[in-house]
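What follows is each chain in one-letter form.
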Amino acid sequence: MRLPPSLSLRLAMLYTMLFTISVLLLGGALYWATVHTPLQAVSLQVEREMSALSREYLERGRDALAAALELRAAGGDARMPFHAFIAPDGSVVAANLPSWPREQQSGWSRLEADYYQNGDEVDHEALTLDRRFEDGARLLVGRDIEDIDEVEEKLLAAVSGLLVGTLLLGLLGGVLMSHAIGRRIGLVTRTARRVMRGDLSGRIPLRGTADDFDQLGATLNEMLARIEALVESVRRVSDNVAHELRTPLSRLRASLEELRPAQVVAGGAAIENAIAEASALEKTFDAVLRIARIESGRHGAEFSPVDLSALLADAAELYAPAAEERGQSLQMEVAPGLRVAGDRDLLFQSFCNLLDNAIKYTPVGGWIAVRAGLRAGGVEVAITDDGPGISDADRPHLTERFFRAAATMAEPGAGLGLSLVAAVARLHGATLAFEDARPGLAARWSMRSA
Amino acid sequence: MRILLIEDDARVAAHVCKGLGDAGHAVNHCADGREGLLCAAAQRFDAIVLDRLLPGVDGLKILRTLRAAGDATPVLILSALGDVDERVAGLRAGGDDYLAKPFAMSELLARVEVLARRGTAAAADGRLAVMDLEIDLFGRTVRRGERRIELTAREFRILEYLVRNAGRVVTRAMLLEHVWEYNFDPQTNIIDQHVSRLRQKVDRDAPVPLIQTVRGVGYVIRQAGQ
């Protein structure tokens, strides 16, 4: 049996099982004391009587046994004696049992021995021993065990009632417990999700009861406060760095641009080269800051409904001339009307980066395919190319900042394009996977549809 | 044109003043926000270039005050906070355009000139014309002299934007923002490829090329005599 995933429900089931076992043990002990032991005593008595009566028959014959049975039946024992003595020819010599099985039973049996007393039927049950002699005569000897039988019945009824009650209470308790615990854990889970989505001010609500969950919540809240403070200080640093570096970069560019006319007169390209280097530096700097910003969950632009089909068409259209220039075919298989919630500019930039990469690394004359459609309640976009792909060793590092596969070192770029794509994917709760498309690379982006 | 520059960094301000001055514009410079606000209220300008981070005051606050007072002068926000959400905040506060620091002077100049003149309006019949090129905005057709030119929807929009801003330089970033309506940095010459296709169609066998490249900056359609 597979157990349900909820720990509290599993614990409740375990407890129910333990309670059931204790009820069964208790019932067993009671049965031993009130049923098994008295029955044992009766069977000993009946065995002794059987051996005495058998000896009587074997040594002194049928009449002596009949007399002994009469005598026994008249005796004043608390347990009413029962017997039946059948001659080898099948005739009943003596009997006070109302009925017995036609065939001889091996060993012990319990026989109905109801009889009438003053016109009322009195229930009796006899524990009897059945014996057949070598000459064919048959002797049944028994003692009344009606009282033990009644105790047994009541005990069984009581124990089964208890079992049902235990199971019902256990299950009810389990459901209640699992609800109560589930609610507390749900609060923790929801808060954690909220923080993961970027709302660092999220805290777990406490009950003020100082119970285990409150203690856990308080500890986690302290941790969240610490994380928030750290992120805040990183943000402040990155803002300061941004401002403190951008202003001198602006001055540098201003100076270089003012030198430009002088160089036009003097000839040479040093200033132009310096301006180009400054531009590249600015771009790298901007990309790093942007990725950091997106990853800190602080990208404030709220999500809005985005027509992903139109956005992909725009991206493909933007890159169509680039692909054409390299003799590549750019294929589009995008289902119409795919809608997601997101940041339009960032999504566009991400798909453009993926396309840009595919075009850059696919050889002249290759193909790039953009496919998008609904998959299992979400939207999946796959950008596949038939380029050389990427080695298994490099694949896990693709989205690392400044990572550049050895084979692509010759191409321009800082190795930030895919890091940005990965950051945007995380911001949107999308999964981004790079797969071997044999021979090319497939970038697979899946996210919830709106 | 008269342009107001509100910028606290002396080095950047001097550069902007010089760049705008060289292009033939009159620049008033204010180094702090309060002074800038007073200046903007006292005189009429064709455009305001406003730094986002000023000592002691957020540039956006100045912008909101200005807009609340009913001043509709086009404003270009300059900011060292160059991210997309900062841009959105700037435009929401009433800014008309946004430029991240550090910027190329040519980009700033192009944006200020386009902002201040707000583009050429089409005639009532939806026609835009420059030299022998005529665009019919209703019929979505383009003619160069007697020759009819077939353009894709995107090429049509690029041409329309260039013609509406004829005489003013349009940068690649401006094209991406206004024609594709996405705000991002493609990091490659992707826009050039689109313009070069458009140019092949528009300027093929024409004696005078209409779309001119401004090296390192962007494109311009120059009217005859300019």
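Above this text sits the structure in question.
Residues numbered from 1 in each chain as written. Chains lettered and ligands numbered in written order. Predicted model: local features only at pLDDT ≥ 70, side-chain atom pairs only at ≥ 80, totals over all residues. Heavy atoms only, no water.

Before we move on, could you go through the overall build of chain B and cite the residues and values that matter?
Helix and strand counts for chain B stand at 8 helices and 14 strands. Relative to its 226 residues, chain B shows a buried fraction of 54%. Taking the intrachain contacts of chain B between residues at least 6 apart in sequence as the baseline, contacts between residues at least 24 apart amount to 58%. Surface accessibility of chain B: about 9700 Å² in total, with carbon and sulfur atoms responsible for 50%. (Helix = DSSP H or I, 4+ residues; strand = E, 2+ residues; numbered from the N terminus. Buried < 20%, exposed > 50% of the residue type's maximum accessible area, 1.4 Å probe, protein only. Contact = heavy atoms within 4.5 Å. Areas by Shrake-Rupley, 256 points an atom, 1.4 Å probe, with all protein chains shown as cover.)

Please give an account of the overall build of chain A that cites residues and values.
Along its length, chain A carries 8 helices and 14 strands. Taking all 450 residues of chain A together, 39% fall into the buried category. Restricting the contact set of chain A to residue pairs at least 6 apart, pairs at least 24 apart contribute 62%. Carbon and sulfur atoms form 59% of the exposed surface of chain A, whose accessible area is close to 24700 Å².

Can you break down empty space enclosed by the protein residue by residue, with the values?
The gaps of empty space that remain are located by a probe, the size of a water molecule, rolled over the atoms. Residues and elements named next belong to chain A. Applying the stated criterion to the full structure yields 2 cavities of 30 Å³ or more. Estimated volume of the largest cavity: approximately 60 Å³. Looking at the largest cavity, the residues that line it are Arg184, Leu187, Val188, Ile204, Pro205, Leu206, Arg207, Phe213 and Asp214. Going through the elements one at a time, α3 (146-196) and α4 (212-266) are the ones with two or more residues in the lining of the largest cavity. Among the elements that line the lining of the largest cavity, the one with the most residues is α3, at 3 residues. By volume, the second largest cavity is sized at about 30 Å³. (1 Å grid on protein atoms, 1.4 Å probe; cavity = no way out; pocket = protein on both sides within 12 Å on 5 of 7 lines; lining within 4 Å. Points joined across faces, edges and corners; volume = space filled by probe spheres on them.)

Provide a residue-level description of the nonpolar core, including the pertinent values.
Where a protein is soluble and globular, its nonpolar side chains tend to be buried together. Counting residues in each nonpolar core, the largest one holds 84 residues, and the members touching the most others are Leu318, Phe351 and Trp445 of chain A together with Leu133 and Leu159 of chain B. Per element, the largest residue contribution to this core is 9 residues, and it comes from helix α7 (residues 344-361) of chain A. When sequence neighbours within four positions are dropped, the list of residues in contact with Trp445 of chain A reads Leu347, Ser350, Phe351, Val379, Glu380, Val381, Val421, Val424, Ala425, Ala430, Thr431 and Leu432 of chain A. Val35, Met50, Ala94 and Val141 of chain A belong to the second-largest nonpolar core, a separate cluster that totals 22 residues. (Core = buried A, V, L, I, M, F, W, Y, C linked by side-chain atoms within 4.5 Å.)

So what's going on with the pattern of salt bridges? Which residues, and what values?
Applying the stated criterion across every chain, the model contains 43 salt bridges over all chains. The shortest N-O distance in the salt bridge between Glu272 of chain A and Arg260 of chain A comes to 2.6 Å. Within this pair, whereas Glu272 of chain A is found in helix α5 (residues 270-295), its partner Arg260 of chain A is found in helix α4, the two being separated by 12 residues in sequence. The partly exposed category is assigned to Glu272 of chain A, whose relative accessible area is 29%. Judged by relative accessible area, which is 30%, Arg260 of chain A ranks as partly exposed. We note a salt bridge from Arg111 of chain B to Glu177 of chain B, for which the minimum N-O separation is 3.0 Å. Highlighted residues: Arg111 of chain B in helix α5 (residues 105-117) and Glu177 of chain B in helix α7 (residues 172-180), separated in sequence by 66 residues. For Arg111 of chain B, a relative accessible area of 2% corresponds to the buried category. Given the relative accessible area of 15%, Glu177 of chain B is considered buried. A cluster of three or more residues bridged by salt bridges with shared partners is formed by Arg110, Glu125, Asp149 and Glu152 of chain A. (Salt bridge = Lys/Arg side-chain N within 4 Å of Asp/Glu carboxyl O.)

Which residues make up the interface of chain A and chain B, and what values do they have?
If you look at the interface, chain A gives 35 residues, while chain B gives 34 residues. When the two sides are added together, the surface that chain A and chain B hide from each other amounts to roughly 3500 Å², 52% of it contributed by carbon and sulfur. It is Arg246, Leu318 and Asp345 of chain A that lose the most area in chain A upon contact with chain B, and together they represent 16% of the buried surface on that side. One can count 5 salt bridges joining chain A with chain B. With a shortest N-O distance of 3.4 Å, Arg11 of chain B and Glu258 of chain A are connected by a salt bridge. (Buried area = accessible area lost by both parts, 1.4 Å probe.)

Which residues make up α7 of chain B, and what are the values?
Among the residues making up α7 of chain B, those that are buried are Met174, Leu175, Leu176, Glu177, Val179 and Trp180 of chain B. Count one or two residues on from α7 of chain B and you reach Glu181 of chain B, which has phi positive near 60°.

Account for the sheet that holds strand β11 (residues 367-375) of chain A, naming residues and giving values.
All names here are of chain A. What the 5 strands build is an open sheet, ordered β9-β11-β12-β14-β13; its pairing is mixed. A strand with exactly one partner marks an edge of an open sheet, and here the two such strands are β9 (329-334) and β13 (431-436). The mean angle between the axes of side-by-side strands here comes to 15°, regardless of whether they run parallel or antiparallel. Judged from the 7 bridges that link them, strand β12 (residues 378-385) and strand β14 (residues 441-448) form a sheet pairing that is antiparallel. Bridge pairing links Val381 to Trp445 in β14. Each of β9, β11 and β12 touches helix α6 (residues 308-325); the most contacted strand, β9, lies at about 175° to it. Across the sheet, helix α8 (residues 417-427) is in contact with β13 and β14; its angle to β13 comes to roughly 135°. (Pairing = 2+ DSSP bridges. Axes fitted to C-alpha atoms, helices over the stretch in contact; angles between N-to-C directions.)

So what about the packing of aromatic side chains? Which residues, and what values?
To describe a pair of aromatic rings, one takes the distance between the centres and the angle between the planes. Residues and elements named next belong to chain A. With the rule as written, the count across this model stands at 4 aromatic pairs over all chains. On the numbers, 4.7 Å between centres and 45° between planes, the contact of Tyr57 with Phe133 is tilted. Pair noted here: Tyr57 is in helix α1 (residues 7-60) and Phe133 is in the loop between β6 (125-132) and β7 (138-144), with a separation of 76 residues, a long-range link. Each member of the pair, Tyr57 together with Phe133, is buried. (Phe/Tyr/Trp six-rings, centres within 6.5 Å; stacked < 30°, edge-to-face > 60°.)

Please set out the sheet that holds strand β9 (residues 133-136) of chain B residue by residue, giving values where relevant.
Residues and elements named next belong to chain B. Within the open sheet, the 4 strands sit side by side as β8-β9-β10-β11. Their pairing is antiparallel. With one partner strand each, in any of the chains shown, β8 (127-130) and β11 (147-149) form the two edges of the open sheet. Neighbour-to-neighbour, the strand axes of this sheet turn through a mean angle of 20°, independent of strand direction. Judged from the 4 bridges that link them, β8 and β9 form a sheet pairing that is antiparallel. Across the sheet, Val130 pairs through a bridge with Leu133, a residue of β9. On top of the sheet, helix α6 (residues 153-164) reaches β8, β9 and β10 (141-144); it is set at about 115° to β9, its chief contact.

Just give me the short version of the packing of α3 of chain A against α4 of chain A, but keep the residues and values in it.
All names here are of chain A. Between α3 and α4, whose axes approach to 11 Å, the crossing angle comes to 5°. For the element pair α3 / α4, the angle class is roughly parallel. Contacts from Ile181, Arg184, Ile185, Val188, Thr191 and Val195 of α3 reach α4 at Phe213, Asp214, Leu220 and Leu224. Here the residues of the contact of α3 with α4 sort into 7 nonpolar, 1 polar and 2 charged. (Parallel < 35°, antiparallel > 145°, perpendicular 65-115°, else oblique. Nonpolar A, V, L, I, M, F, W, Y, C, P; charged D, E, K, R; others polar.)

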